[in-house]
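# Tertiary structure, described
Letter by letter, the chains look like this.
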Amino acid sequence: MVNMVFIQRELRLLARQKADWLNPILFFIIVLSLFPLGVGPEPNMLRIIAPGIVWIAALLSVLLASERLFKDDYRNGVIEQLVAGRQSLLAFVLAKTLANWLSTGLPLILLSPVVALLLGLQQPALAAMALTLLLGTPLLSLLSVLGSALTMAADKGGILLALLILPLYIPLLIFASSAIEAASIGLGYQGQLAILLAMLLLALALVPMAVTSALRINVS
């Protein structure tokens, strides 16, 4: 269970370090704004490439905020104290994951109507996009937290983090963009949503424990 003390701490850190959550949101908006300018004003072309654009921008923006998730706590000795003490390391990891989703995933979901306006998406595609973001962004946060835990001791872990995590993003990218594409042409997409839900539940069961093990290994 997530400890409220850890959640309050993470929210205070987010309030102090606004760039950690503002930069990914601005990156997401800028990327989506540039595609219509580069492709041109043709609405049919935008609708065709919209599913891939949305999810590539989403995963890159979440990845942008991932490198420093544990680095400051590692350098300040917070993680070492948690490992050596009696505080629950799992509760710390869950709080970190929740804070990461609140600062990156939730804003992307709230920006869905703006994205639909920029890319000319119709109502069915907008609903599918919102649902895939609702299921997919927590999975993005979980995988990002895992990658950050594995690379927190590296001096320049950004490239290593991308190499480790981007391959894990591929199934999510495929099924999420497929759901939006199916909705845009009037087909059902419940199967894709079911797969995304299964992936999220599997990650919820396995990733937090893997992150705690990675933190212990890095500290030791």
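Everything numeric in this text was worked out from a predicted model, so none of it was measured. (Residues numbered from 1 in each chain as written. Predicted model: local features only at pLDDT ≥ 70, side-chain atom pairs only at ≥ 80, totals over all residues. Heavy atoms only, no water.)

## Remarks on the packing of helix H8 (residues 123–151) against helix H10 (residues 190–219)
Pairs of packed helices are described in terms of their axes, by the angle between the two and the distance that separates them. Between H8 and H10, whose axes approach to 8 Å, the crossing angle comes to 20 degrees. The pairing of H8 with H10 is recorded here as roughly parallel in orientation. Of the two possible hands of crossing, H8 and H10 adopt the one that is left-handed. Of the residues assigned to the contact of H8 with H10, the class counts are 22 nonpolar, 2 polar and no charged. (Axes fitted to C-alpha atoms, helices over the stretch in contact; angles between N-to-C directions. Helix = DSSP H or I, 4+ residues; strand = E, 2+ residues; numbered from the N terminus. Parallel < 35°, antiparallel > 145°, perpendicular 65-115°, else oblique. Left-handed = near helix turned anticlockwise from the far one by under 90°. Nonpolar A, V, L, I, M, F, W, Y, C, P; charged D, E, K, R; others polar.)

## What about the packing of helix H7 (residues 112–119) against H8?
At a minimum axis distance of 10 Å, the contact between H7 and H8 shows a crossing angle of 135 degrees. Relative to H8, H7 is oriented oblique. Crossing of H7 against H8: the hand is right-handed. On H8, the residues touching Ser112, Pro113, Val115 and Ala116 of H7 are Leu126, Met129, Ala130 and Leu133. (Contact = heavy atoms within 4.5 Å.)

## Section: the UniProt feature "transmembrane region" (unreviewed entry) in the chain
On the UniProt side, "transmembrane region" (unreviewed entry) is annotated at positions that read residues 21–39, 45–65, 98–119, 125–146, 158–180 and 192–215 here. As a span, residues 45–65 carries 95% helix and 0% strand, and end to end its C-alpha atoms are 30 Å apart. (UniProt positions renumbered as here; feature names shortened; annotations may be inferred.)

## A short note on the packing of aromatic side chains
Under the criterion given, the structure shown has 1 aromatic pair. Aromatic pair Phe70 and Phe92: ring centres 6.1 Å apart, planes at 55 degrees, arrangement tilted. Taken together, the positions of Phe70 in the loop between helix H3 (43–64) and helix H4 (71–75) and Phe92 in helix H6 (residues 89–110) put the pair 22 residues apart, joining distant regions of the chain. Comparing Phe70 with Phe92, the two get one shared label, buried. (Phe/Tyr/Trp six-rings, centres within 6.5 Å; stacked < 30°, edge-to-face > 60°. Buried < 20%, exposed > 50% of the residue type's maximum accessible area, 1.4 Å probe, protein only.)

## Quick notes on the environment of Gly52
By the element assignment, Gly52 lies in helix H3. Separated by 124 residues in sequence, Gly52 and Ala176 have C-alpha atoms that sit 8.7 Å apart.

## Focus on H10
In this model, H10 (30 residues) spans 43 Å end to end at C-alpha, consistent with the 44 Å of a helix rising 1.5 Å per residue. Along its length, H10 reaches its greatest deviation from straightness, about 35 degrees, at Leu204, and the proline Pro208 lies no more than four positions downstream. Within H10, burial applies to Gln192, Leu193, Leu196, Met199, Leu200, Ala203, Val207, Pro208, Val211, Thr212, Ala214 and Leu215. (Expected span 1.5 Å × (residues − 1). Bend = angle between axes of the 7 residues up to and from the residue.)

## Here's the deal with the nonpolar core
Grouped burial of nonpolar side chains is what soluble globular proteins tend to show. Counting residues in each nonpolar core, the largest one holds 67 residues, and the members touching the most others are Trp55, Phe70, Phe92, Val211 and Leu215. Beyond its immediate sequence surroundings of up to four residues, Phe70 is in contact with Ile79, Phe92, Lys96, Val145, Ser148, Ala149, Met152, Val211 and Leu215. (Core = buried A, V, L, I, M, F, W, Y, C linked by side-chain atoms within 4.5 Å.)

## Brief notes about a nonpolar patch on the surface
Among the surface-exposed residues, Leu22, Leu26, Ile30, Leu34 and Leu37 lie close enough to one another that they form a single nonpolar patch of about 500 Å² accessible area. As for its position among the elements, Leu34 is in helix H2 (residues 19–39). (Patch = residues over 30% accessible without salt bridge, like charges linked within 9 Å, V, L, I, M, F, W, Y side chains within 5 Å. Areas by Shrake-Rupley, 256 points an atom, 1.4 Å probe, with all protein chains shown as cover. Salt bridge = Lys/Arg side-chain N within 4 Å of Asp/Glu carboxyl O.)

## So, the pattern of salt bridges
A full pass over the atoms with the stated rule returns 2 salt bridges. The salt bridge partner of Asp73 is Arg9, with a shortest N-O separation of 2.5 Å. In this pair, Asp73 sits in helix H4 while Arg9 sits in helix H1 (residues 4–16), placing the two residues 64 residues apart along the sequence. We classify Asp73 as buried; its relative accessible area is 4%. What makes Arg9 partly exposed here is its relative accessible area of 22%. Asp73 is the partner of Lys96 in a salt bridge, and the nearest nitrogen-oxygen pair spans 2.8 Å. With Lys96 in helix H6 and Asp73 in helix H4, this residue pair connects regions lying 23 residues apart in the sequence. We classify Lys96 as buried; its relative accessible area is 4%.

## A closer look at the environment of Leu94
Mapped onto the secondary structure, Leu94 falls in helix H6. Overall, the relative accessible area of 25% leaves Leu94 in the partly exposed class. Sequence separation between Leu94 and Pro167 is 73 residues, and the spatial gap between their C-alpha atoms is 23 Å.

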